[in-house]
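Structure assessment
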Amino acid sequence: MDKKELWQKVLAQIQNKISSTNFATWFKKTKIISKKDKCITIAVPNSFAKEWLKNKYNDDIKKILEELETNIETINYTISNNANKKNSKNKKDKKADLIGQLGFQEFKKDKDTNLNFKYNFDNFVVGPFNELSHAAASAVSENPGTVYNPLFIYGGVGLGKTHLLQAIGNKIHKSFPRKKIKYISLEKFTSEVVSSIRNQKMENLKIKYRKIDVLILDDVQFLAGKEKTQEEFFHIFNTLYEKNKQIIISSDRSPKSISALTERLRSRFEGGMIADISYPDYETRIAILKTKSKEKDLSFSSEILDYIATNIKKNIRELEGALNKLSVYQKLNNEEINLKKVKSLLQNFMQSSRKKATPQEVIDAVIDFYDVNKNSLLSSCRRQEIVKPRQVAMYLLKNELKLSYPSIGKKLGGKDHTTAIYAYKKISKKLEDDDNLEGEITLLKQKLASA
Ligand code: ADP
Ligand code: MG
């Protein structure tokens, strides 16, 4: 391992252990400038950083070096004054500096795999709500390409899909360093397809993907309506699948509920393992808050954790956001925080996620979600792929916004109030035994709440 790679690995680990502010303050402009025998020398920007690293983080760094199975025993710190050497800098260094200033994404993402080191199985809390997905993910990471292929994980916003997908990638990367892994979001993949088409380089793109052993594609719900992307993905999928390469996919809804997905792609998705993530129960929410507090070097009373866990139920990202907010306050004011303060600090936070949507927002969300044409939705078209979204929109307008039936009819292109009543009843009835529909409605509600 060369010194640059070694230091990146150390930094990635450190980043998992300490708060991002501390990381930025103390590790941002550091690097290993020499690695000889059993000794490394780390360059730091100033004497303050030197003292701080030596006294506060030396043990952590040593421990990580041990874990990485290097034989380093001594760490020296030296001040390097980059400012004076600016003129002699080459382009590469300048670029590295710039990336550093932008928030050291350099350390966050592995260039080849596109994976973020911070997501792993160790910091993923498991509870009844994500047990199945976790078990499947873990099995796949141990035997890529053989057990569940493809693995399709779905669940609402902020519930850990990306974390789990990346954890699989990181684990495979560690256990099978030779395997070529690629993590990519569907949006990014789509833009690759689009630019390959534009530059007539489609063949190159195919060749590139053919070489991959583990393809991780995040947020495939955005495939809806993108025919060309679907087509290219279908071919790449088949090529990899036939060679027993592992494919892992996430989506905010089940394959059945992704509208405008070609039948052949849907059946491919359904051909492997499908696992969902639902909402964390109270105990798991507390466990997550505790894990995150520890990661961020925070400690709040159980009363405070209870307050957060009782009020934020459906989004782990928001649980984390609440902690961050309290943490910033505590750091700026340098004072212990009490429940009363917590309530006032989180008030906006919680209100904003409960703010009511307008009827127009509901209709737009439905249009976006089912990828239907607005004119068709408001028309009297009887095609099933239009009727269902229209009924869902009516249902939401009643259930969420409590509009009257006549005004619901009016909002959906001047329909009669009896049509709205019928739609509301129909969807309510269907919800009793159609899990997919229930998932779709929950997602729509979530999207409206976070809009
Ligand atoms: P999604 O991709 O489903 O929208 P993410 O994977 O981005 O959600 O998760 C949002 C945040 O919540 C991330 O910071 C992630 O680390 C955290 N998170 C989600 N699930 C868990 C879990 N089970 N344990 C610990 N952290 C989690
Ligand atoms: Mg995600």
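Scroll up to find the structure this text is about.
Let us look at the structure shown here. (Residues numbered from 1 in each chain as written. Chains lettered and ligands numbered in written order. Predicted model: local features only at pLDDT ≥ 70, side-chain atom pairs only at ≥ 80, totals over all residues. Heavy atoms only, no water.)

1. Some points on helix 16 (residues 359-370)
- Between its first and last C-alpha, helix 16 extends 17 Å over 12 residues, near the 16 Å set by a 1.5 Å rise per residue.
- Residues of helix 16 that are buried: P359, V362, I363, A365, V366, I367, F369 and Y370.
- D371, located one to two residues past helix 16, shows a positive phi value of around 55 degrees. (Helix = DSSP H or I, 4+ residues; strand = E, 2+ residues; numbered from the N terminus. Expected span 1.5 Å × (residues − 1). Buried < 20%, exposed > 50% of the residue type's maximum accessible area, 1.4 Å probe, protein only.)

2. Some words on the site of ligand 1
- The environment of ligand 1 is formed by 17 residues, the closest being V125, G158, T162, H163 and E320.
- Note that a nitrogen atom of ligand 1 is positioned 3.4 Å from one of the side-chain N or O atoms of N130.
- A distance of 3.1 Å separates an oxygen atom of ligand 1 from a polar backbone atom of G160.
- In isolation ligand 1 has 560 Å² of accessible area, and contact with the protein removes 94% of it.
- For the shell around ligand 1, the secondary-structure elements that each account for two or more residues are helix 7 (161-175) and helix 14 (316-333).
- Per-domain counts for the shell around ligand 1 show at least three residues from each of domain 2 (131-276) and domain 3 (282-354). (Near = heavy atom within 4 Å. Polar contact = N/O pair within 3.5 Å; in protein donor to acceptor, adjacent residues only side chain to side chain. Areas by Shrake-Rupley, 256 points an atom, 1.4 Å probe, with all protein chains shown as cover. Domains from an automatic or database assignment.)

3. Overview of the packing of aromatic side chains
- In this structure the tally under the stated criterion is 12 aromatic pairs.
- One aromatic cluster is present, built from ring pairs that chain together F152, Y154, F189, Y209, F233, F237, Y241 and F269.
- Above the plane of the ring of F369 lies R253, whose end atom (NZ or CZ) is 3.6 Å from the centre.
- Between R264 and the ring centre of F234, over which it is positioned, the NZ or CZ distance is 4.0 Å. (Phe/Tyr/Trp six-rings, centres within 6.5 Å; stacked < 30°, edge-to-face > 60°. Lys NZ or Arg CZ within 6 Å of the ring centre and 35° of its normal.)

4. Considerations on the sheet that holds strand 7 (residues 246-251)
- Here 5 strands make up an open sheet; going across it, the order is 5-6-7-4-8 and the pairing parallel. Each having just a single partner strand, strand 5 (181-185) and strand 8 (273-277) make up the two edges of the open sheet. The mean angle between the axes of side-by-side strands here comes to 15 degrees, regardless of whether they run parallel or antiparallel.
- Two strands pair when backbone bridges link them, and strand 4 (residues 151-155) and strand 7 are joined in this way by 4 bridges, in the parallel orientation. Looking at the pairing, I153 lines up with S250 of strand 7.
- In the packing of helix 8 (residues 186-198) onto the sheet, contacts are made with strand 5 and strand 6 (214-218), and the angle to strand 5 comes to roughly 95 degrees. (Pairing = 2+ DSSP bridges. Axes fitted to C-alpha atoms, helices over the stretch in contact; angles between N-to-C directions. Contact = heavy atoms within 4.5 Å.)

5. Considerations on helix 20 (residues 417-431)
- With 15 residues, helix 20 should cover 21 Å at 1.5 Å per step; its first-to-last C-alpha distance of 21 Å lies within 8% of that length.
- When we look at burial in helix 20, the residues that qualify are A420, A423, I427 and L431. Buried residues of helix 20, seen end-on, are gathered within an arc of 60 degrees and therefore sit on one face of the element. Set apart from the buried face of helix 20 by more than 90 degrees, the exposed residues are Y422, K425 and K429. (Arc of directions from axis to C-beta.)

6. Comments concerning the sheet that holds strand 1 (residues 31-36)
- Taken in spatial order, the 3 strands of this open sheet run 1-2-3, and their pairing is mixed. Both edges of this open sheet fall to strand 1 and strand 3 (74-79), since each of them pairs with a single strand only. Adjacent strand axes in the sheet meet at a mean angle of 25 degrees, parallel and antiparallel pairs treated alike.
- Across the face of the sheet, helix 1 (residues 3-17) comes into contact with strand 1 and strand 2 (39-44) while running at roughly 125 degrees to strand 1.

7. Focus: the environment of V366
- Note that V366 resides in helix 16.
- Classification of V366 by relative accessible area gives buried; the value is 0%.
- In this structure the C-alpha to C-alpha distance between V366 and V392, which are 26 residues apart in sequence, comes to 7.6 Å.
- Aside from chain neighbours lying at most four places away, what touches V366 is D371, P389, V392, A393, L396 and L444.

8. A short note on a negative patch on the surface
- Where like charges cluster on the molecular surface, the negative patch consists of D276, D433, D435 and E438.
- Counting through the fold element by element, E438 comes out in helix 21 (residues 435-450). (Patch = residues over 30% accessible without salt bridge, like charges linked within 9 Å, V, L, I, M, F, W, Y side chains within 5 Å. Salt bridge = Lys/Arg side-chain N within 4 Å of Asp/Glu carboxyl O. Lys, Arg positive; Asp, Glu negative; His and termini not counted. Charge placed at Lys NZ, Arg CZ, Asp CG, Glu CD.)

9. Observations regarding the nonpolar core
- Grouped together as the largest cluster of nonpolar side chains are 46 residues, with contacts concentrated most on L151, I308 and L326.
- At 6 residues, the largest contribution of residues to this core is made by helix 14.
- For this core, the two domains that each supply at least three residues are domain 2 (131-276) and domain 3 (282-354).
- Contact partners of I308, with chain neighbours within four places excluded, come to L289, L319, A322, L323, L326 and L346.
- Core analysis: the second largest hydrophobic core is formed by 31 residues, V362, Y370, M394 and A420 among them. (Core = buried A, V, L, I, M, F, W, Y, C linked by side-chain atoms within 4.5 Å.)

10. As for the side chain of T190
- With respect to the helices, strands and loops of the structure, T190 is situated in helix 8.
- Overall, T190 belongs to the buried group, its relative accessible area being 9%.
- In terms of polar contacts, T190 uses its side chain to reach the backbone carbonyl oxygen of L186, at 2.8 Å.
- Excluding anything up to four places from it in sequence, T190 contacts K226 and T229.

11. Describing the pattern of salt bridges
- Tallied over the full model, the rule gives 19 salt bridges.
- Between R253 and D252 there is a salt bridge whose closest N-O contact spans 2.7 Å. Across the pair, exposure class does not vary: R253 and D252 are buried alike.
- Among the salt bridges present, the one from K256 reaches E270, with a minimum N-O distance of 3.6 Å. With K256 in the loop between strand 7 and helix 11 (263-270) and E270 in helix 11, this residue pair connects regions lying 14 residues apart in the sequence.
- Assessed through its relative accessible area of 55%, K256 is described here as exposed.
- Using a relative accessible area of 33% as the deciding quantity, one classes E270 as partly exposed.
- What you see here is one network of salt bridges that share partners, running through K206, K228, E231 and E232.

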